[in-house]
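Below are the chains, spelled out letter by letter.
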Amino acid sequence: MTSVDSRLSGPRSPEQRKREALKRLTRDNDVWVATADTTGEPCLVPLAFWWDGEAVWLSTRVTNPTGRNLSATGQARLCFGHTRDVVLVHGTARMLTREELPTEVGDAFAAKDGWDPRQDHRSYVFFQVVPEVLQAWGTVPEMNGRTLMREGKWLV
């Protein structure tokens, strides 16, 4: 995807931002995952992901800080793109073991990334992150109207 510079071209419409956000969710390989533990200690890591059209699927070890935080709080913030063309998702997460994971989800995740956590160390689990809020913007002129989804429902 090309960089957005709305200072030169003007802000994109909400419809265009939604289209481009969905493309990013489909095409990007990695996402920044922000979590916090129950005391508020933050953790930020990049992870591979797969978007199924309704949820973002992640895999990480249940024993590392991100896995522990997602298990304990069920909350995540995901950041796709870069600072001049960002898609920010606030979502709720639920953990699934490799035994609980639908085969088609595991197969799609592995096909997209080229890595299959089901074949890796037993401590790898999956998290289904369902977006509650989705925002997309480039630069300051796009700050107004950046919220494209609220309470899990598209606004555009």
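Note that this is a predicted model, so its numbers are computed, not measured.

Analysis parameters
- The residue numbering used here restarts from 1 in each chain and proceeds along that chain's sequence as written.
- Local features in this predicted model are restricted to residues of pLDDT 70 or higher, and side-chain atom pairs are both shown and tallied only at a pLDDT of 80 or more, whereas totals for entire chains, interfaces and linings draw on every residue.
- Heavy atoms from the whole structure form the basis of all side-chain values; hydrogens and water molecules are not counted.
- Counting from the N terminus, the helices are the DSSP runs of H or I reaching at least four residues and the strands are the DSSP runs of E reaching at least two.
- Radius of gyration here uses only the C-alpha atoms, and the compact-globule reference equals 2.2 Å multiplied by the residue count raised to the power 0.38.
- Exposure classes here rest on a 1.4 Å probe applied to the protein chains alone. A residue is buried below 20% of its type maximum, exposed above 50%, and partly exposed in between.
- In what follows, residue pairs with any heavy atoms lying within 4.5 Å of each other are defined as contacts.
- Polar contact criterion, stated in full: a pair of N or O atoms within 3.5 Å, where within protein one must be able to donate a hydrogen and the other to accept it, and residues adjacent in sequence count only if both atoms are side-chain atoms.
- The rule is short: rings of Phe, Tyr and Trp, with Trp giving its six-membered ring, pair when the centres are within 6.5 Å, and they are stacked under 30 degrees, edge-to-face over 60, tilted in between.
- Only when the NZ atom of a Lys or the CZ atom of an Arg is both within 6 Å of the ring centre and within 35 degrees of the ring normal do we say a charge sits over the ring.
- Only residues above 30% relative accessible area that lack a salt bridge enter a patch, with like-charged residues linked at up to 9 Å and the nonpolar side chains Val, Leu, Ile, Met, Phe, Trp and Tyr linked at up to 5 Å.
- Every accessible area reported is derived by Shrake-Rupley at a probe size of 1.4 Å, with residue values counting cover from the shown protein chains alone.
- Any carboxyl oxygen of Asp or Glu that lies within 4 Å of a side-chain nitrogen of Lys or Arg is treated as forming a salt bridge with it.
- UniProt positions are given in the numbering used here, feature names are shortened, and annotations may be inferred rather than shown by experiment.
- Two strands qualify as a pair provided DSSP detects at least 2 bridges between them.

Engineer: Let's hear about the overall build of the protein: which residues, and what values?
Structural biologist: What the protein contains, in helices and strands, is four helices and eight strands. Along its sequence from the N terminus, the protein presents helices and strands in the succession α-α-β-β-β-α-β-β-α-β-β-β. Compactness check: the protein gives a C-alpha radius of gyration of 16 Å against a globular reference of 15 Å for 156 residues, within 12% of the reference. Within the protein, buried positions represent 44% of all 156 residues. Considering only contacts within the protein whose residues lie at least 6 apart along the sequence, 60% involve residues at least 24 apart.

Engineer: For unusual backbone geometry, give the residues involved together with the corresponding values.
Structural biologist: A negative phi angle characterises most non-glycine residues, just as the trans form characterises most peptide bonds. In this structure, Glu151 is a non-glycine residue whose phi angle is positive, near 55 degrees. Its location among the elements puts Glu151 in the loop between strand 7 (147–150) and strand 8 (153–154). Residue class for Glu151 comes out exposed when judged on its relative accessible area of 65%.

Engineer: Residue-level account of helix 4 (residues 103–113), with values.
Structural biologist: Along helix 4, the residues classified as buried are Val105, Gly106, Ala108, Phe109 and Ala110. Against the buried residues of helix 4 lie strand 2 (42–51), strand 3 (56–61) and strand 6 (124–137).

Engineer: With reference to specific residues and values, describe the side chain of Thr35.
Structural biologist: Inspection of the secondary structure puts Thr35 in strand 1 (residues 30–36). Assessed through its relative accessible area of 6%, Thr35 is described here as buried. For Thr35, the side chain forms a polar contact with the side chain of Asn69, separated by 2.9 Å.

Engineer: Pulling in residues and values, what's your account of the packing of aromatic side chains?
Structural biologist: In the structure shown here, the tally under the stated rule is four aromatic pairs. With 5.0 Å between their ring centres and 75 degrees between their planes, Phe49 and Phe80 make a pair best called edge-to-face. Taken together, the residues Phe49 in strand 2 and Phe80 in strand 4 (residues 75–82) connect sequence positions 31 residues apart. For the pair Phe49 and Phe80, one class covers both residues: buried. Ring-pair connections join several aromatic residues into one group, and the members of that group are Phe109, Trp115, Tyr124 and Phe126. Lys112 extends its terminal NZ or CZ atom over the ring of Phe49, reaching a point 3.8 Å from the ring centre. In this structure, Arg146 is placed above the aromatic ring of Trp137, and the distance from its NZ or CZ to the ring centre is 5.8 Å.

Engineer: Summarise a nonpolar patch on the surface; cite the residues concerned and give the values.
Structural biologist: Taken together, the side chains of Trp154, Leu155 and Val156 present a nonpolar region at the surface, about 240 Å² in accessible area. Tracing the backbone through its elements, the reader meets Trp154 in strand 8.

Engineer: With reference to specific residues and values, describe the UniProt feature "domain: Pyridoxamine 5'-phosphate oxidase N-terminal" (unreviewed entry) in the protein.
Structural biologist: The UniProt record marks residues 21–137 with the feature "domain: Pyridoxamine 5'-phosphate oxidase N-terminal" (unreviewed entry), using the residue numbering of this structure. Taken as a whole, residues 21–137 contains 23% helix and 49% strand, while its terminal C-alpha atoms sit 9 Å from one another.

Engineer: Go over the pairing of strand 6, please, and point to the residues and values.
Structural biologist: Of all 14 residues that make up strand 6, 11 are buried, and the element is covered over most of its length. Strand direction decides the pairing type here: strand 3 and strand 6, joined by six bridges, are antiparallel. Residue Trp57 lies in a different strand from strand 6, and its bridge partner there is Gln128. The pairing of strand 5 (residues 85–96) with strand 6 spans 11 bridges and is antiparallel. Across the sheet, the residue bridging to Val87 is Ala136, located in strand 6.

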